[in-house]
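# Coordinate inspection notes
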Amino acid sequence: MDENTPSPAAVRRVACIGTGVIGGGWVAHFLARGFRVSAWDPAPDFEARLRRLVEAAWPALTELGLADGASRENLVVAETLEQAVAEAEFVQESAPEDLAVKRDLLARIDAATPPGVVVSSSTSGYGMTEMQVDCATPQRLVVGHPFNPPYLIPLVEIVGGERTERWAVEWAAEFFAATGKSVIVLDREVPGFTANRLQEAMWREALHMVANGEATVAQIDASITEGPGLRWPLLGPCLTFHLAGGEGGMAHMLDHFGPSLKSPWTRLEAPELTDELREAMVNGCEEAAGGASIAELVAARDRALIAVLRAIKDVRRDLL
Ligand SMILES: NC(=O)c1ccc[n+]([C@@H]2O[C@H](COP(=O)([O-])OP(=O)(O)OC[C@H]3O[C@@H](n4cnc5c(N)ncnc54)[C@H](O)[C@@H]3O)[C@@H](O)[C@H]2O)c1
């Protein structure tokens, strides 16, 4: 952190490097939140592609509510990477998921970006430790992993590398939150971070089931969209199972279904259900519930389910 580091809430100028599906989505997000966005991508047709993506996203963003001063006119298309980042107060990199490309690009961004300005990578799975190796000032580089489309899905997972300083992680968390994002800060680098590890476990099982003729694509999708997927907008997998334990919550759930962890219900092996793990799950659920009783959570879940079922009824009719 130095005199170039603005306060996270005071940032007005951001740069987006790499403007495909994700980078273009970031551009749309930052424009809608009222930022001036300079963008660069090596593809010769990138400006036309980027403007198409922003045009397509703008009606949804307008419906959700634009920030004061938000305008598509605030997009500046740069001719070089160096030009794009020269005056940036924050940089988001969204180049292809290739370690050599990321290493080289982050070193170039690092060399051209004013010192003290935080640089974030959209990588889906690399650790910043392995990406920041060629940077001269690696202390300001973080992972800021979004979900597609970044202009609608709130989650950003933030994690630093071994050479990232703590202030940069905290700065990024505050900055993304100020732009309306829901932030999870991870204390450790884990390949795939959190959401992709969970998503990937289900995805690999789905591929196994199709490969073995155990379920069709349509059956797999319906099993989620007509089943547990409906609960997930309100409760994650842990609080969902907290409620599966009835009045006994997660403690009862684990004591009741613990032995099923040995059943071949998935190809992913379960960890040993030790006393420490049981306690971590029970305490974690209590904490996540924030003092809400099981009865209160059940009532909230039911209200949310009704809201979700009503909300998707018309969309489903249009789509399917
Ligand atoms: N697609 C997703 O759902 C998703 C979700 C979260 C994170 N991500 C991550 O976001 C990043 C971008 O993925 P994407 O899906 O937008 O890919 P994409 O292929 O849609 O876009 C990549 C863009 O990077 C550009 N590019 C190529 N070489 C470059 C370079 N050297 N410097 C700068 N830009 C370069 C390409 O021209 C293209 O416009 C990846 O790290 C990916 O893992 C993707």
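Keep in mind it's a predicted model, so treat the numbers as computed, not measured.

Thresholds, definitions, all that
Residues numbered from 1 in each chain as written. Predicted model: local features only at pLDDT ≥ 70, side-chain atom pairs only at ≥ 80, totals over all residues. Helix = DSSP H or I, 4+ residues; strand = E, 2+ residues; numbered from the N terminus. Rg over C-alpha atoms; globule rule 2.2 N^0.38 Å. Buried ≥ 20, exposed ≤ 12 C-beta atoms within 10 Å, placed from the backbone. Pairing = 2+ DSSP bridges. Right-handed = clockwise from strand over helix to strand, strands pointing away. Axes fitted to C-alpha atoms, helices over the stretch in contact; angles between N-to-C directions. UniProt positions renumbered as here; feature names shortened; annotations may be inferred. Contact = placed C-beta atoms within 7 Å. Near = placed C-beta within 6 Å. Nonpolar A, V, L, I, M, F, W, Y, C, P; charged D, E, K, R; others polar.

### Observations regarding the overall build of the protein chain
- Looking only at helices and strands, one finds 12 helices and 8 strands in the protein chain.
- What you see for the protein chain is a C-alpha radius of gyration of 22 Å, in line with the 20 Å of a compact globule of 320 residues.
- Dimensions of the protein chain, computed from C-alpha atoms along their principal axes, come out at roughly 60 × 45 × 45 Å.
- Expressed as a percentage of its 320 residues, the buried residues of the protein chain come to 29%.

### Section: the pairing of strand β1 (residues 13-17)
- A large share of β1 lies buried, amounting to 4 of its 5 residues.
- Taken together, the 5 bridges between β1 and strand β2 (residues 36-40) define a ladder with parallel strand orientation. Bridge assignment links I17 to a residue of β2, and that residue is W40.
- Read as a crossover between parallel neighbours, the route from β1 over helix α1 (residues 21-32) to β2 is right-handed.
- Where β1 meets strand β4 (residues 90-93), 4 bridges bridge the pair, whose relative direction is parallel. Bridging across to β4, I17 finds its partner in E93.

### So, the sheet that holds strand β8 (residues 182-185)
- Pairing within the open sheet is mixed, and its 8 strands lie in the order β3-β2-β1-β4-β5-β6-β7-β8. The open sheet terminates on both sides in strands that have one partner only, identified here as β3 (75-77) and β8. Strand after strand, the sheet turns through a mean of 25 degrees between neighbouring axes, direction not considered.
- Two elements, β2 and β3, share 3 bridges in a ladder whose sense is parallel.

### Details of the UniProt feature "domain: 3-hydroxyacyl-CoA dehydrogenase NAD binding" (unreviewed entry) in the protein chain
- Annotation from UniProt places "domain: 3-hydroxyacyl-CoA dehydrogenase NAD binding" (unreviewed entry) at residues 14-188.
- End-to-end, the C-alpha atoms of residues 14-188 are 27 Å apart, and along that stretch the chain is 38% helix and 20% strand.

### Concerning the environment of W26
- For W26, the position within the fold is in helix α1.
- On the basis of neighbour count, W26 is assigned to the buried category, with 27 C-beta atoms found within 10 Å.
- Taking C-alpha positions, W26 is 9.8 Å from A15, a pair spaced 11 residues apart along the chain.
- Setting aside anything within four residues of it in sequence, one finds W26 in contact with C16, Q92, S94, P146 and P150.

### Comments concerning the site of the ligand
- Taken together, 24 residues lie around the ligand, and G18, G20, I22, S124 and N148 are the ones closest in.
- Among the elements of the structure, α1 and α4 (99-112) are those that each provide at least two residues to the shell around the ligand.
- In terms of residues, the shell around the ligand owes the most to one element, α1, which gives 3 residues.
- Residue classes in the shell around the ligand are distributed as 12 nonpolar, 10 polar and 2 charged.

### Digging into the environment of P6
- Structurally, the position occupied by P6 is in the segment before β1.
- The spatial distance from the C-alpha of P6 to the C-alpha of P96 is 29 Å, given a sequence separation of 90 residues.
- When near neighbours in sequence (up to four residues on either side) are disregarded, P6 contacts V11 and E89.

### A word on the UniProt feature "domain: 3-hydroxyacyl-CoA dehydrogenase C-terminal" (unreviewed entry) in the protein chain
- UniProt tags residues 192-281 as "domain: 3-hydroxyacyl-CoA dehydrogenase C-terminal" (unreviewed entry).
- Counting secondary structure, residues 192-281 comes out at 56% helix and 0% strand; the distance between its end C-alpha atoms is 22 Å.

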